[in-house]
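# Tertiary structure, described
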Number of protein chains: 2
Amino acid sequence: MKTILLDHGSGGRASQELIGELFLRYLDNPILHRLEDSAVLESQTGRLAFSTDSYVVDPIFFPGGNIGELAVNGTINDLAMRGANPLCLSLGLILEEGLPVADLEKIIASIAEATKAAGVPVVTGDTKVVPRGKADKIFINTSGIGVVEPDCEITADRAREGDRIILSGSLADHGITILTRRAGLEVTGELKSDTMALHTLVGQLTRELPGAVHTLRDPTRGGLAPSLSEIAAAANLCMVLAEPAIPVRPTVAAACELMGLDPLYLANEGKCVALVAAERADEVLALMRSTREGSEAAIIGQVTAEYPGRVVLKTAIGGERLVEPLSGEPLPRIC
Amino acid sequence: MKTILLDHGSGGRASQELIGELFLRYLDNPILHRLEDSAVLESQTGRLAFSTDSYVVDPIFFPGGNIGELAVNGTINDLAMRGANPLCLSLGLILEEGLPVADLEKIIASIAEATKAAGVPVVTGDTKVVPRGKADKIFINTSGIGVVEPDCEITADRAREGDRIILSGSLADHGITILTRRAGLEVTGELKSDTMALHTLVGQLTRELPGAVHTLRDPTRGGLAPSLSEIAAAANLCMVLAEPAIPVRPTVAAACELMGLDPLYLANEGKCVALVAAERADEVLALMRSTREGSEAAIIGQVTAEYPGRVVLKTAIGGERLVEPLSGEPLPRIC
């Protein structure tokens, strides 16, 4: 097995080989091991969260990670943004004929590592192979199931006037890493993806400070601006950001400047934005900062009734500008 | 909106437009409507089944269906094969830039029809767009959650010596339809895909004849031969098929002959094979035949201890041959 052949997707012997030698070797657990048409989990009680995401990032390997761990962390984070405790993931692979098996193995190993670190196993999977030129190396779909505690309600329309807007760390790391890499740009200083699972951080928040967080989003594709626009629209409120308070690493800021990109519109893969009752903002910030994932958290703005449905940026020199939902530049295959 | 642009996958305004004008228009329901990062379902109690499948079929429209309903029925069937009652689906789309929106709309409309007919809603989704030439029109991932009743145990390793092998209808319709279409062959008589959801049929079996069915598989990609091989391996038993008893439509048989293909190795998308306690086989067969989905069901063989782990075909003239797990011909992009 040196490269992926069409036969690896045919459901026969070669598929079995791939499953045995690669998938089970790295991802094995008692549920996945059965290899039935669907996984059956232990009995659950409670509200279920369910999420899906396909990952088509280009390049598939990038500083700070690869498409595999991105797919694990991304779907875990989508579950966590509803306050859910992630239970398990599915893994759907679409492989291009000719993909080096060594590349696939690196990706599967990194999926295994990410699922182990997160404590969220892959319990069911599927692999398709398409002829050369009909896909680009590898596309990954992960779907996930989580359990939401009865008293936990975290949705966009629970945002309230006065809420503080807290960002869990620096902005735009993932997006600028992918884009500079794709442009072949040499940037001084280290740029790397922030891909990271946030469910532990969110779990601490919901357990230790119940009710404090009204809304959570992970500003992935499109970045912070469209995420906040969506919340503004759902809650019919205005999100006011204080530009100087938004943490952006100097190297990221420099690369954005160089490429003419605004960090508000670049993807993040290990950050969340939380809308928090004003009187509990300091507690939430302190708790976030005490964690590895949120050590650089900052209050970056607040919710007002000024321009309902809009996002406003207050600049360092006292100016104010409306933030559009998108900059107009489509940036494909960021995640 | 005439063709899909990269911007439709960017997470901004164009994405919102696509969601509003196409996805919500056809697929709307209270859970999907929220458009949060993950769907939250009503409280569930019981064992959960979880399954995922990516669909990459070429062509995307074919006699009897299209990639959309295939993706809905396929994942519903994967859940049903564990005896689960399907609750909901996720929908992950990977679109190629330039895909006509009219084609996407046809597919989404057919997904809507299939989910309504099945009573299994799409509750969460994701859309990515990749540049022209980096995918082939559209790939669809559906994942699904189902609930398994406490006393329902349907797995490959529950097959027993003496079990009868029942096929719910005619073999190879989907596979031969795709392959003749792709080869541009004109076949006299009607060939069409059998894509169909089987959860209602399975639900009737598990409710009305509890314990009768030991094992279920839907012989999709690869066909009946590898499905039975997997069961034979898991149960360490021999699957003996009576060739004349296997229902194959005359047009399908003729097309298989023409293309040199064996119907045992061709995909089915609306059929299941059930391993059933011998003394209950007649009841199961009668119940199946009383349904729309199983009206042409037949007992096609039985489970013995003769060649453990193998599948054997007894031919019309009294011969016997070992059936290999796969014919060696990879047939890509059948589903």
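Quick caveat, the model's predicted, so the values are computed rather than measured.

Along chain A, the regular secondary structure elements total nine helices and 13 strands. Scaling as 2.2 N^0.38, a compact globule of 335 residues should have a C-alpha radius of gyration of about 20 Å, and chain A matches this with 21 Å. Taken along the three principal axes of its C-alpha coordinates, chain A extends 65 × 50 × 30 Å. Within chain A, the fraction of its 335 residues that count as buried is 62%. Sequence-distant contacts in chain A: of pairs separated by 6 or more residues, those separated by 24 or more amount to 86%.

With that out of the way, let us pick up the environment of Arg310 of chain A. Relative to the helices and strands, Arg310 of chain A is located in the loop between strand E11 (298-304) and strand E12 (311-314). What Arg310 of chain A contacts, discounting residues up to four positions off in sequence, is Ala232, Leu237, Cys238, Met239, Leu322 and Glu324 of chain A.

On to the side chain of Asp37 of chain A. Its place among the elements puts Asp37 of chain A in the loop between helix H2 (30-33) and strand E1 (39-55). There is no salt bridge for the buried Asp37 of chain A, and the closest opposite charge comes from Arg217 of chain B, which lies 4.2 Å off by N-O distance.

On to the packing of aromatic side chains, then. By the definition in use, this model includes two aromatic pairs over all chains. Centre to centre, the rings of Phe50 of chain A and Phe50 of chain B are 6.3 Å apart; their planes meet at 80°, and the pair counts as edge-to-face. Within this pair, whereas Phe50 of chain A is found in strand E1, its partner Phe50 of chain B is found in strand E1 (residues 39-55), the two belonging to separate chains. An angle of 50° between the planes, with centres 6.4 Å apart, marks the rings of Phe139 of chain A and Phe139 of chain B as tilted. Taken as a pair, Phe139 of chain A in strand E6 (residues 138-148) and Phe139 of chain B in strand E6 (residues 138-148) lie in two separate chains rather than in one. By relative accessible area, which is 1% here, Phe139 of chain A ends up buried. We note Lys106 of chain A situated over the ring of Phe61 of chain A; from NZ or CZ to the ring centre the distance is 4.6 Å.

Moving on to the relation of the copies chain A and chain B. Superposing chain A onto chain B takes a rotation of 180° combined with a translation of 0.0 Å along the rotation axis, leaving an RMSD of 0.0 Å. Taken together, the rotation and translation relating the two chain copies correspond to the operation of a two-fold axis.

Residues and elements named next belong to chain B. At a closest axis distance of 8 Å, the pairing of helix H1 (residues 13-27) and helix H4 (residues 101-118) adopts a crossing angle of 30°. The angle between H1 and H4 falls in the class roughly parallel. Two secondary-structure elements touch here, H1 through Leu18, Leu22, Phe23, Arg25, Tyr26 and Leu27 and H4 through Leu104, Glu105, Ile108, Ala109, Ile111, Ala112 and Lys116. Partitioning the contact of H1 with H4 into residue classes produces ten nonpolar, no polar and three charged.

With that settled, the discussion passes to the domain arrangement of chain A. How big an interface is tends to be stated in terms of accessible area lost as the parts join. Residue and element names in this part refer to chain A. Along its sequence, chain A is carved into domain 1 (6-148) and domain 2 (156-323). The C-alpha-based centres of domain 1 and domain 2 are spaced at 28 Å. Each partner contributes residues to the interface: domain 1 has 20 residues there, and domain 2 has 19 residues. For the pairing of domain 1 and domain 2, the buried interface totals around 1,700 Å² over both sides, and the portion due to carbon and sulfur atoms is 64%. Summed over the three residues of domain 1 that lose the most area to domain 2, namely Pro63, Asn77 and Met81, the buried surface amounts to 36% of that side. Across the domain 1-domain 2 interface, the total number found is zero salt bridges. Scanning the region where domain 1 abuts domain 2 turns up six residue pairs in polar contact (both at pLDDT 80 or more). No other element matches helix H3 (residues 67-80), which puts eight residues into the side of domain 1 that touches domain 2. Residues that form the side of domain 1 that touches domain 2 fall into these classes: eleven nonpolar, six polar and three charged.

A separate point is helix H5 (residues 173-183) of chain A. Residue and element names in this part refer to chain A. In terms of burial, H5 is largely enclosed, as eight of its eleven residues are buried. Taken as a whole, H5 has its buried residues at Asp173, His174, Gly175, Ile176, Thr177, Ile178, Leu179 and Thr180. Of the surrounding elements, those touching the buried residues of H5 are strand E2 (61-62), H3 and helix H8 (250-259). The positive-phi residue at the C-terminal boundary of H5 is Gly184, with phi of around 70°.

Looking now at the sheet that holds strand E8 (residues 213-217) of chain A. Residues and elements named next belong to chain A. Spatially, the seven strands line up as an open sheet ordered E8-E10-E7-E11-E9-E12-E13, and their pairing is mixed. Two strands lie at the open edges of the sheet, namely E8 and strand E13 (320-323), each paired on one side alone. Between one strand and the next, the sheet's axes are offset by a mean angle of 25°, whatever the strand orientation. Where strand E9 (residues 238-242) and E12 come together, four bridges link them in parallel fashion. Of the residues in E12, the one forming a bridge with Met239 is Val311. Across the sheet, helix H7 (residues 224-235) touches strand E7 (164-167), E8, E9, strand E10 (273-276), E11, E12 and E13, and the angle it forms with E9 is around 145°.

Residues and elements named next belong to chain B. In space, the seven strands of this open sheet follow the order E8-E10-E7-E11-E9-E12-E13, with mixed pairing throughout. A strand with exactly one partner marks an edge of an open sheet, and here the two such strands are strand E8 (213-217) and strand E13 (320-323). On average, each strand axis in the sheet is tilted by 25° relative to the strand beside it, whichever way the strands run. Where strand E7 (residues 164-167) and strand E11 (residues 298-304) come together, four bridges link them in antiparallel fashion. Note on E11: the bridge partner recorded for Ile165 is Gly301.

Our focus in this paragraph is the nonpolar core. Residues Leu104, Ile138, Met239, Leu241 and Leu264 of chain A are the most contacted members of the largest nonpolar core, which totals 76 residues. In terms of residues, this core owes the most to one element, helix H4 (residues 101-118) of chain A, which gives eight residues. When neighbours within four sequence positions are excluded, Leu264 of chain A is seen to be in contact with Leu171, Gly222, Gly223, Leu224, Ala225, Pro226, Leu241, Ile246, Leu313, Arg321 and Val323 of chain A. Listed in part, the 75 residues of the second largest apolar core include Ile107, Ile178, Leu191 and Ala298 of chain B.

Oppositely charged side chains are able to pair whenever their charged atoms sit close together. Residues and elements named next belong to chain A. All chains considered together, the criterion is met by 40 salt bridges over all chains. In this structure, Arg280 and Glu283 form a salt bridge, with 3.3 Å as the shortest nitrogen-oxygen distance. What makes Arg280 partly exposed here is its relative accessible area of 22%. Arg310 is the partner of Glu324 in a salt bridge, and the nearest nitrogen-oxygen pair spans 3.5 Å. Of the two residues, Glu324 sits in the segment after E13 while Arg310 sits in the loop between E11 and E12, which places them 14 residues apart along the sequence. When its relative accessible area of 32% is taken as the criterion, Glu324 is described as partly exposed.

About the cut-offs
- Residues numbered from 1 in each chain as written.
- Chains lettered and ligands numbered in written order.
- Predicted model: local features only at pLDDT ≥ 70, side-chain atom pairs only at ≥ 80, totals over all residues.
- Heavy atoms only, no water.
- Helix = DSSP H or I, 4+ residues; strand = E, 2+ residues; numbered from the N terminus.
- Rg over C-alpha atoms; globule rule 2.2 N^0.38 Å.
- Buried < 20%, exposed > 50% of the residue type's maximum accessible area, 1.4 Å probe, protein only.
- Contact = heavy atoms within 4.5 Å.
- Lys, Arg positive; Asp, Glu negative; His and termini not counted.
- Salt bridge = Lys/Arg side-chain N within 4 Å of Asp/Glu carboxyl O.
- Phe/Tyr/Trp six-rings, centres within 6.5 Å; stacked < 30°, edge-to-face > 60°.
- Lys NZ or Arg CZ within 6 Å of the ring centre and 35° of its normal.
- Least-squares fit on C-alpha atoms with pLDDT ≥ 70 in both.
- Axes fitted to C-alpha atoms, helices over the stretch in contact; angles between N-to-C directions.
- Parallel < 35°, antiparallel > 145°, perpendicular 65-115°, else oblique.
- Nonpolar A, V, L, I, M, F, W, Y, C, P; charged D, E, K, R; others polar.
- Domains from an automatic or database assignment.
- Buried area = accessible area lost by both parts, 1.4 Å probe.
- Polar contact = N/O pair within 3.5 Å; in protein donor to acceptor, adjacent residues only side chain to side chain.
- Pairing = 2+ DSSP bridges.
- Core = buried A, V, L, I, M, F, W, Y, C linked by side-chain atoms within 4.5 Å.

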